[in-house]
Amino acid sequence: DENIGRVLDALEASGQADNTIVVFTSDNGGLSTAEGSPTCNLPLAEGKGWIYEGGTREPLIVRWPGVAEPDSVCEVPVTSPDFYPTFLEAAGWPAMPEQHVDGTSLLPLLCGSGAWEREAIFWHYPHYGNQGGTPASSVRAGDYKLIEFFEDGTVELYNLRDDVGECHDLSEEEPEVRERLLALLHAWQRDVE
């Protein structure tokens, strides 16, 4: 994208390129289900405005000279609330957990220490989207993702390692995993009110 190049060039020209964290990401997956469907998210299901991977999985590229290893790849799922505590820690500021209750600093991942674990990440989409998505919440823990749809209480369970396209609902085949993730999701919903 031409404008990303302009930003990087301006940082270089100002002498701040080596002192700046640049994050490239999005707030939603590609617009693939409405408005002319200008993108395709295959093999991911659906897109912007949906709780499936096509709507929640986005690109994430971090450029931080001297810290993040160029051309490295990290497979750990993260979420945008993680940016705030990351930037605070990178700037040498103390954590402010009352302001970033859902976020965890990504510094261990960016620095390559790998000593970073989280039980689950959550999404909450309590309304209808103009792209066709319906009210739902989801939780991802390890390879598993559970979705609870609010209209009728339907629950779907997927193993994203084996089924990134969310084609095979495991909710009946793996009831223990379904119940464990549903309990995690409901506890999180109560916690964040």
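Being a predicted model, the structure only gives us computed values, none of them experimental. (Residues numbered from 1 in each chain as written. Predicted model: local features only at pLDDT ≥ 70, side-chain atom pairs only at ≥ 80, totals over all residues. Heavy atoms only, no water.)

*Asks:* It is not clear to me how helix α3 (residues 83-90) should be interpreted in this structure. Could you clarify?
*Replies:* Along an α-helix, residues three or four positions apart point the same way, because every turn accommodates 3.6 residues. Residues of α3 that are buried: Phe83, Pro85, Thr86 and Leu88. For α3, the elements touching its buried residues are β1 (22-24) and α4 (107-110). Gly92, located one to two residues past α3, shows a positive phi value of around 80°. (Buried < 20%, exposed > 50% of the residue type's maximum accessible area, 1.4 Å probe, protein only. Helix = DSSP H or I, 4+ residues; strand = E, 2+ residues; numbered from the N terminus. Contact = heavy atoms within 4.5 Å.)

*Asks:* I keep staring at the packing of aromatic side chains and nothing clicks. Help me out?
*Replies:* For any two aromatic rings, the description comes down to two numbers: the centre-to-centre distance and the angle of the planes. In this structure the tally under the stated criterion is 5 aromatic pairs. Judged by centre distance (6.1 Å) and plane angle (45°), the ring pair of Tyr52 and Phe149 falls under tilted. One end of the pair, Tyr52, is in the loop between β1 and α2 (53-56); the other, Phe149, is in strand β5 (residues 144-149), and 97 residues separate them in sequence. The residues Tyr52 and Phe149 share a single accessibility class, namely buried. Ring geometry for Phe83 versus Phe87: centroids 6.1 Å apart, planes at 10°, classification stacked. (Phe/Tyr/Trp six-rings, centres within 6.5 Å; stacked < 30°, edge-to-face > 60°.)

*Asks:* When you look at the pairing of strand β3 (residues 121-125) in this model, what are you seeing that I'm missing?
*Replies:* Residues in a regular strand point their side chains to alternate faces of the sheet. Along β3, 4 of the 5 residues are buried, which leaves the element largely enclosed by surrounding structure. Pairing between β3 and strand β4 (residues 136-141): 5 bridges, direction antiparallel. Within β4, the position partnered with Trp123 by the bridge is Ser138. (Pairing = 2+ DSSP bridges.)

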